[in-house]
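# Coordinate inspection notes
Letter by letter, the chains look like this.
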Amino acid sequence: MRMRGRRLLPIILSLLLIVLLSLCYFSGHLRDLKELRNSPDEEFLLHLPPETEEDSPNPHPQAANPLLNLTDFQYLLHSNVCRKAERELLAILIVTSYSGHDALRAAHRQAIPRSKLAEMGLQRVFLLAALPPREHFINQEQLASEQKRFGDLLQGNFIEDYRNLSYKHVMGLKWASQECKNQAKFIIKLDDDIIYDVFHLRRYLEALEVGQPGLATSSTLLSGYVLDSKPPIRLRANKWYVSKQEYPHALYPAYLSGWLYVTNVPTAKRIVAEAERVPLFWIDDTWLTGVVRTRLGIPLERHNDWFSANAEFIDCCVRDLKQHGYECEYSVGPNGGDDRLLVEFLHNVEKCYFDECVKRPAGKSLKETCVAAAKSRAPEHGLAEIKPLRLR
Ligand SMILES: *[C@@H]1O[C@H](CO)[C@@H](O)[C@H](O)[C@H]1NC(C)=O
Ligand SMILES: *[C@@H]1O[C@H](CO)[C@@H](O)[C@H](O)[C@H]1NC(C)=O
């Protein structure tokens with residue numbers, strides 16, 4: 001026995017060595033594969049097997065991949081509005097919404113119901129997170145019943161907080177680029193407290209498809225309100241205070257306001273993949289359309305003329321649309337805390353797309369006719385000038 005054992009020992013040792021070596025080799029190889037898969041260079045991906053989760057026949061995947069560094073990420077509510085869409089979609093609207101804003105979501109649905117969106121080739125989901133413990137006005141059962149009625153909620157299991165908005169934003173882009181990749185030509189990202197002229201956006205997208213088909217289908221489409229070289233807020237008392245640790249540089253790269261911007265599936269895919277590789281920064285629009293975008297070398301399409309930073313202007317627009325049928329100069333603006341303004345705005349602006357509106361006469365611009373109201377309500381807004389820092 002002892003003799004045999006002694007003769008066997010070198011054999012066992014070398015076998016062990018072989019096993020160890022091959023383990024090392026394969027794990028390294030696996031890592032390479034993973035890195036390749038995360039690479040933005042799509043050519044590398046072509047001969048790799050598809051991501052299992054992406055093409056799974058299960059229409060209600062509850063668990064998704066980890067989301068950024070949230071390893072236990074999963075959906076609490078999952079929407080299949082894209083898979084259910086009967087025809088190709090012009091765009092999917094992903095609307096960042098605080099989960100407690102059920103009244104505001106109701107206003108969105110009343111302003112333009114799903115059936116009407118569908119006629120325009122559009123669908124909409126609201127991006128939610130988990131209710132924080134301090135939230136006493138709404139509970140998860142109510143959200144579940146809202147989902148049962150409308151099916152348009154996408155809720156992640158991370159907790160609602162403005163410092164968690166980057167997770168929500170990436171969740172929306174990732175979901176849209178996976179779930180809507182065969183259906184939607186464009187992705188429109190917006191916030192729930194934003195007034196937006198959906199008819200104008202539809203015209204813009206249709207014109208983009210025809211006029212700039214290269215850009216429309218490219219992996220470099222980012223279009224919206226461009227904020228150039230803004231410095232981080234370094235005042236501790238400010239809600240948007242950013243420490244040097246969080247962001248060391250003096251200026252942000254140019255980025256798009258998260259109020260509303262337009263992208264498409266190939267672009268969103270690249271942004272999500274790159275976001276998974278770089279350190280997270282909590283100011284979501286600055287991070288994704290600024291820091292992450294810059295690393296990918298994607299240029300921004302500037303449409304600053306669509307935007308008003310002034311909720312009063314949108315109010316005046318509605319008034320003038322009703323009274324005189326004047327066209328509104330702006331297509332996007334804040335709701336100023338008025339949940340119903342979107343309903344009023346969309347119900348009145350629609351007629352302009354049936355040529356029932358007239359150009360605002362000279363001398364009656366919003367800047368001139370709206371100033372008094374704007375001044376009396378919020379002096380710091382001043383005149384028509386857009387205050388870029390408010391645009392986030
Ligand atoms: C994820 O990264 C952020 C930013 O670096 C950090 O603050 C957070 O604690 C991390 N979360 C987890 C679950 O690791
Ligand atoms: C963000 O979400 C994570 C995961 O749910 C949670 O642990 C964290 O407390 C949230 N962050 C803030 C600032 O609430």
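Residues numbered from 1 in each chain as written. Chains lettered and ligands numbered in written order. Predicted model: local features only at pLDDT ≥ 70, side-chain atom pairs only at ≥ 80, totals over all residues. Heavy atoms only, no water.

What follows is about the overall build of the protein chain. On a plain count of helices and strands, the protein chain comes out with 14 helices and 10 strands. Going through the 392 residues of the protein chain one by one, you find that 50% of them count as buried. Here the contacts in the protein chain between residues at least 6 apart in sequence split such that 80% fall between residues at least 24 apart. Carbon and sulfur atoms make up 57% of the accessible area of the protein chain, which totals about 20000 Å². (Helix = DSSP H or I, 4+ residues; strand = E, 2+ residues; numbered from the N terminus. Buried < 20%, exposed > 50% of the residue type's maximum accessible area, 1.4 Å probe, protein only. Contact = heavy atoms within 4.5 Å. Areas by Shrake-Rupley, 256 points an atom, 1.4 Å probe, with all protein chains shown as cover.)

Another aspect to go through is the site of ligand 2. Taken together, Phe158, Ile159, Asp161 and Asn164 are the residues near ligand 2. Ile159 is positioned with one of its backbone polar atoms (N or O) 3.2 Å from an oxygen atom of ligand 2. One of the side-chain N or O atoms of Asn164 is found 2.3 Å from an oxygen atom in ligand 2. Look at ligand 2: alone it shows 360 Å² of surface, and the protein chains cover 54% of it. Grouping the amino acids of the shell around ligand 2 by side-chain chemistry returns two nonpolar, one polar and one charged. (Near = heavy atom within 4 Å. Polar contact = N/O pair within 3.5 Å; in protein donor to acceptor, adjacent residues only side chain to side chain. Nonpolar A, V, L, I, M, F, W, Y, C, P; charged D, E, K, R; others polar.)

Within strand 2 (residues 89–96), eight of the eight residues are buried, which leaves it mostly tucked inside the rest of the structure. Inspection of the sheet shows strand 2 paired to strand 5 (residues 184–191) by seven bridges, in the parallel sense. The residue bridging Leu93 from the neighbouring strand is Ile188, located in strand 5. Judged from the six bridges that link them, strand 2 and strand 3 (residues 122–130) form a sheet pairing that is parallel. (Pairing = 2+ DSSP bridges.)

Before going further, it helps to spend a moment on helix 10 (residues 284–296). For helix 10, which comprises 13 residues, the first-to-last C-alpha distance of 17 Å matches the rise-based estimate of 18 Å (1.5 Å per residue) to within 8%. Of all 13 residues making up helix 10, 10 are buried, and the element is well covered by its neighbours. When helix 10 is considered as a whole, its buried residues turn out to be Asp284, Asp285, Thr286, Trp287, Leu288, Thr289, Gly290, Val292, Arg293 and Leu296. Its buried side turned inward, helix 10 meets helix 6 (165–179), strand 5, strand 8 (255–263) and helix 9 (265–275). Of the residues flanking the end of helix 10, it is Gly297, one or two places downstream, whose phi is positive at about 65°. (Expected span 1.5 Å × (residues − 1).)

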